[in-house]
Amino acid sequence: MGRFTEIITSMLLFSLLFLQETSIQGLEESAARTLDQESGEVHEVHCSRERSRAAWNIIEEYLMPFVERERYQFSSKCRLHPDNDLFRDQEQHKIHVDISEWRCGYCKKKFRAEKFLDQHFDNRHHNLLNVSHSKCLADLCGALHCDFVMKSKSSKSKCNPAAVAKNRHLCETLANSCFPINQGPSASRLHELFLRQFCDAHACSGKSKLFPKGGKKNSSIFYLAISILSLMLLPLFYLIVYLYQREIRRGTQELRRIPQAARKTKPS
């Protein structure tokens, strides 16, 4: 009887272990299928997030300060309009908490670096991309000089006239569509600025400077330098004022002593 009980117990334990292993294997296969499905959907978006980000940073730094100064509104047909950036909504849902902490604005999950947050967006929130209406901003990188800003192209590389002509044509098309000269003085001024700021550098001669009008960073550096200089000169100014006032007080005291000395030496 005891031997029979041991056999039954062993068979039950074996069955439980088999069912547990099968269950775990099934969960792993299910998770693998989910990741494969997500990866498959991500590959359907043929647009570089990194280059799109570089293009938007260039627009924000070297164009938007002038657009804001003119109080100009982009048309929705303009490729530079924020709504035409495929990744704009996801980029706006990035929360940079600290140098080593990024947070997802959709689900509040934390990450150590921006690249891990990008992967999270690709895997978990790819369904939020407006693929039907938005366009790939990375397609404008040729016109906006993304390669030079990203340091992915050497300045000493041989110039390709065909590629330069293609990028210049794209650049001029952007200027015409985003800043039509028949829409008033602001559009006309921005049209001219865009040609000088972006399009003139598309030449093999190398004579035209890239972003000659400067941008947001240049302005901030200038104001920072002025602020630091002011802080350095302010104590010196107060020191000069203090020394000047001290000399005046000393001179006044000397003048007061002279009449007193004269009265003392006067004969009685």
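Residues numbered from 1 in each chain as written. Predicted model: local features only at pLDDT ≥ 70, side-chain atom pairs only at ≥ 80, totals over all residues. Heavy atoms only, no water.

The protein goes by C2H2-type domain-containing protein in an unreviewed UniProt entry, where it is assigned to Acer negundo.

Strands sit in the order β1-β2-β3 across an open sheet of three strands; the sheet is antiparallel. Of all the strands in the sheet, the pair left with one neighbour each is β1 (94–98) and β3 (110–111). Two elements, β1 and strand β2 (residues 101–104), share four bridges in a ladder whose sense is antiparallel. Among the inter-strand pairings, Lys 94 is bridged to a residue of β2, identified as Cys 104. Helix α5 (residues 114–124) rests against β1, β2 and β3 of the sheet, and its axis sits at about 15° to β2. (Pairing = 2+ DSSP bridges. Helix = DSSP H or I, 4+ residues; strand = E, 2+ residues; numbered from the N terminus. Contact = heavy atoms within 4.5 Å. Axes fitted to C-alpha atoms, helices over the stretch in contact; angles between N-to-C directions.)

What follows is about the pattern of salt bridges. Inspection of the entire model under this criterion finds 17 salt bridges. The residue Glu 172 makes a salt bridge to Arg 168 at a minimum N-O spacing of 3.2 Å. Of this pair, Glu 172 and Arg 168 both sit in helix α8 (residues 161–178), separated by four residues, roughly a single helical turn. Overall, the relative accessible area of 27% leaves Arg 168 in the partly exposed class. (Salt bridge = Lys/Arg side-chain N within 4 Å of Asp/Glu carboxyl O. Buried < 20%, exposed > 50% of the residue type's maximum accessible area, 1.4 Å probe, protein only.)

Further remarks concern unusual backbone geometry. Even without a glycine there, the phi angle at Arg 71 is positive, about 55°. With respect to the helices and strands, the residue Arg 71 is situated in the loop between α3 (64–70) and α4 (88–92). The class of Arg 71 is exposed, set by a relative accessible area of 75%. Despite not being glycine, Lys 108 shows a phi value in the positive range, around 65°.

Inspection of the entire model under this criterion finds eight aromatic pairs. Look at Phe 74 and Phe 179: their rings are 5.7 Å apart centre to centre, the planes differ by 50°, and that puts the pair in the tilted class. A residue pair is termed long-range when its members are at least 10 positions apart, and Phe 74 in the loop between α3 and α4 and Phe 179 in the loop between α8 and α9 (185–199) qualify at 105 residues. Judged on exposure class, the residue Phe 74 and its partner Phe 179 are both buried. On the numbers, 4.7 Å between centres and 35° between planes, the contact of Phe 194 with Phe 198 is tilted. (Phe/Tyr/Trp six-rings, centres within 6.5 Å; stacked < 30°, edge-to-face > 60°.)

Tallying each qualifying case throughout the model produces five disulfides. Each sulfur of the disulfide joining Cys 159 and Cys 204 lies 1.9 Å from the other. On the S-S bond that ties Cys 159 to Cys 204, the torsion sits near -70°, and the link is left-handed. Here the residue Cys 159 occupies a position in the loop between α7 (146–149) and α8, and Cys 204 occupies one in the loop between α9 and α10 (216–265), the gap between them amounting to 45 residues. By relative accessible area, Cys 159 is classed as partly exposed at 31%. We note that Cys 104 lacks a disulfide partner, and the nearest cysteine sulfur, in Cys 107, lies 3.6 Å from it. By relative accessible area, which is 0% here, Cys 104 ends up buried. (Disulfide = S-S within 2.5 Å.)

If you look at the biggest cluster of nonpolar residues, it comprises 33 residues, and the most contacted ones within it are Leu 63, Phe 74, Leu 80, Leu 144, Phe 179, Phe 194 and Phe 198. Those elements that provide at least two residues to this core are α2 (49–62), α3, α6 (141–144), α8 and α9. Sort the elements by how many residues they give to this core and α9 lands first, with seven residues. Excluding residues that lie within four positions of it along the chain, Leu 63 makes contacts with Ile 58, Phe 74, Leu 80, Phe 179, Leu 193, Phe 194 and Phe 198. Counting residues in each nonpolar core, the second largest holds six residues, with Cys 47, Leu 86, Phe 87 and Ala 138 among its members. (Core = buried A, V, L, I, M, F, W, Y, C linked by side-chain atoms within 4.5 Å.)

As a further point, take α9. In this model α9 runs 20 Å from its N-terminal to its C-terminal C-alpha over 15 residues, within 8% of the 21 Å that 1.5 Å per residue would give. Ala 187, Leu 190, His 191, Leu 193, Phe 194, Leu 195, Gln 197, Phe 198 and Cys 199 are the residues of α9 that are buried. The inward-facing, buried residues of α9 abut α2, α3, α6 and α8. (Expected span 1.5 Å × (residues − 1).)

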